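# Structure assessment
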Amino acid sequence: SAFVGFVFYPPSPRAVDPATARQLAEHVAGPRIVGLFVDAEDEAIDAVLRHVPLDILQLHGHETPERVRQIGLRTGLQTMKAIRVETADDLVMLDEHADAADLILFDAKPPRTPGWLPGGNGLPFDWTLLADLRLTKPWALAGGLTPDNVAAAVRTTGAPIVDVSSGIESRPGVKDPARLASFLRTAASLPADNGLAA
């Protein structure tokens, strides 16, 4: 299956307001629509849902498993919890997050220096950390994926879903149609059980 994502995190160069997202969503037929939020309060999520028919809420902040579960129950929508990975220690809470969320997304942990966003930094992580992953929930791989490395990333991790953003941009927040087409072609050539998120 395919996914289209909208970022509802104002500091991001990819952020869209609910009205713009609604207009864009009207052109989406087939792919599931994902809304990305970072440590959002209920009111902020509700403000988006009043405008945009989201299918999945991607929670990309420091949301606890309890908060993820609460958001899913309150909205009736599927939740995707982002886990930021740098070392194996970052996977300690994986089982608890997988119990709470409907999907898991693995992304690179941002650098510790100030000014970095929670995601969308174009940084990969050590994919071998996921090589022996045993998850019963659907999961996605993000973090520095490009048309040039997505095949290797999937070979290494066995990722059933891949998520791309900065890796198909000409500059932050501006998608490059040629790079997008190249990524889609490469992803389509991967094993049939692999999904796609862009």
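Notes on the structure in this doc start here. All values reported here derive from a predicted model rather than from experimental measurement.

Another aspect to go through is the side chain of T79. The topology assignment puts T79 in strand β4 (residues 78–85). The class of T79 is buried, set by a relative accessible area of 1%. In contact with T79, other than residues within four places in its own chain, are I56, L57, L59, V68, I71, G72, A100, A101, D102 and L103.

The next point concerns the environment of D132. Relative to the elements of secondary structure, D132 occurs in the loop between β5 (103–108) and β6 (139–141). D132 gets classed as exposed once you look at its relative accessible area, which sits at 65%. Distance in space between the C-alpha atoms of D132 and G158 is 8.9 Å, their sequence separation being 26 residues.

Let us now look at the environment of G158. Its place among the elements puts G158 in the loop between α5 (150–157) and β7 (161–163). G158 sits 18 residues away from A140 along the chain, and the two C-alpha atoms are 9.8 Å apart. Aside from chain neighbours lying at most four places away, what touches G158 is W139 and A153.

Turning our attention to the packing of helix α2 (residues 42–49) against helix α3 (residues 65–75). Closest axis-to-axis distance for the α2/α3 pair is 12 Å, and the angle between their directions is 40°. Of the two possible hands of crossing, α2 and α3 adopt the one that is right-handed. Two secondary-structure elements touch here, α2 through D42, I45, D46 and L49 and α3 through R67, I71, R74 and T75. For the contact of α2 with α3, a count of residues per class yields three nonpolar, one polar and four charged.

Together, E66, D95, E96 and D99 give the surface a local cluster of negative charge. In terms of residue count, the dominant contributor to the negative patch is helix α4 (residues 94–100) (three residues).

Scanning the entire structure with this criterion turns up seven salt bridges. R14 is the partner of E169 in a salt bridge, and the nearest nitrogen-oxygen pair spans 2.8 Å. Within this pair, whereas E169 is found in strand β8 (residues 169–171), its partner R14 is found in the loop between β1 (2–7) and α1 (18–25), the two being separated by 155 residues in sequence. Exposure class is identical for E169 and R14. Each is buried. Between R67 and D42 there is a salt bridge whose closest N-O contact spans 2.8 Å. Here R67, found in helix α3, pairs with D42, found in helix α2; they are 25 residues apart in sequence, far enough to count as distant. Each member of the pair, R67 as well as D42, is classed as buried. Residues joined by salt bridges that share partners form a network here, namely D42, D46, R67 and R74.

This paragraph deals with unusual backbone geometry. Not every positive phi belongs to a glycine, and D39 is a case in point at roughly 50°. Tracing the backbone shows D39 in the loop between β2 (32–37) and α2.

Calculation criteria
- Residues numbered from 1 in each chain as written.
- Predicted model: local features only at pLDDT ≥ 70, side-chain atom pairs only at ≥ 80, totals over all residues.
- Heavy atoms only, no water.
- Helix = DSSP H or I, 4+ residues; strand = E, 2+ residues; numbered from the N terminus.
- Buried < 20%, exposed > 50% of the residue type's maximum accessible area, 1.4 Å probe, protein only.
- Contact = heavy atoms within 4.5 Å.
- Axes fitted to C-alpha atoms, helices over the stretch in contact; angles between N-to-C directions.
- Left-handed = near helix turned anticlockwise from the far one by under 90°.
- Nonpolar A, V, L, I, M, F, W, Y, C, P; charged D, E, K, R; others polar.
- Patch = residues over 30% accessible without salt bridge, like charges linked within 9 Å, V, L, I, M, F, W, Y side chains within 5 Å.
- Areas by Shrake-Rupley, 256 points an atom, 1.4 Å probe, with all protein chains shown as cover.
- Salt bridge = Lys/Arg side-chain N within 4 Å of Asp/Glu carboxyl O.
- Lys, Arg positive; Asp, Glu negative; His and termini not counted.
- Charge placed at Lys NZ, Arg CZ, Asp CG, Glu CD.

Everything listed here is a matter of coordinates, which is why it stays silent on function.
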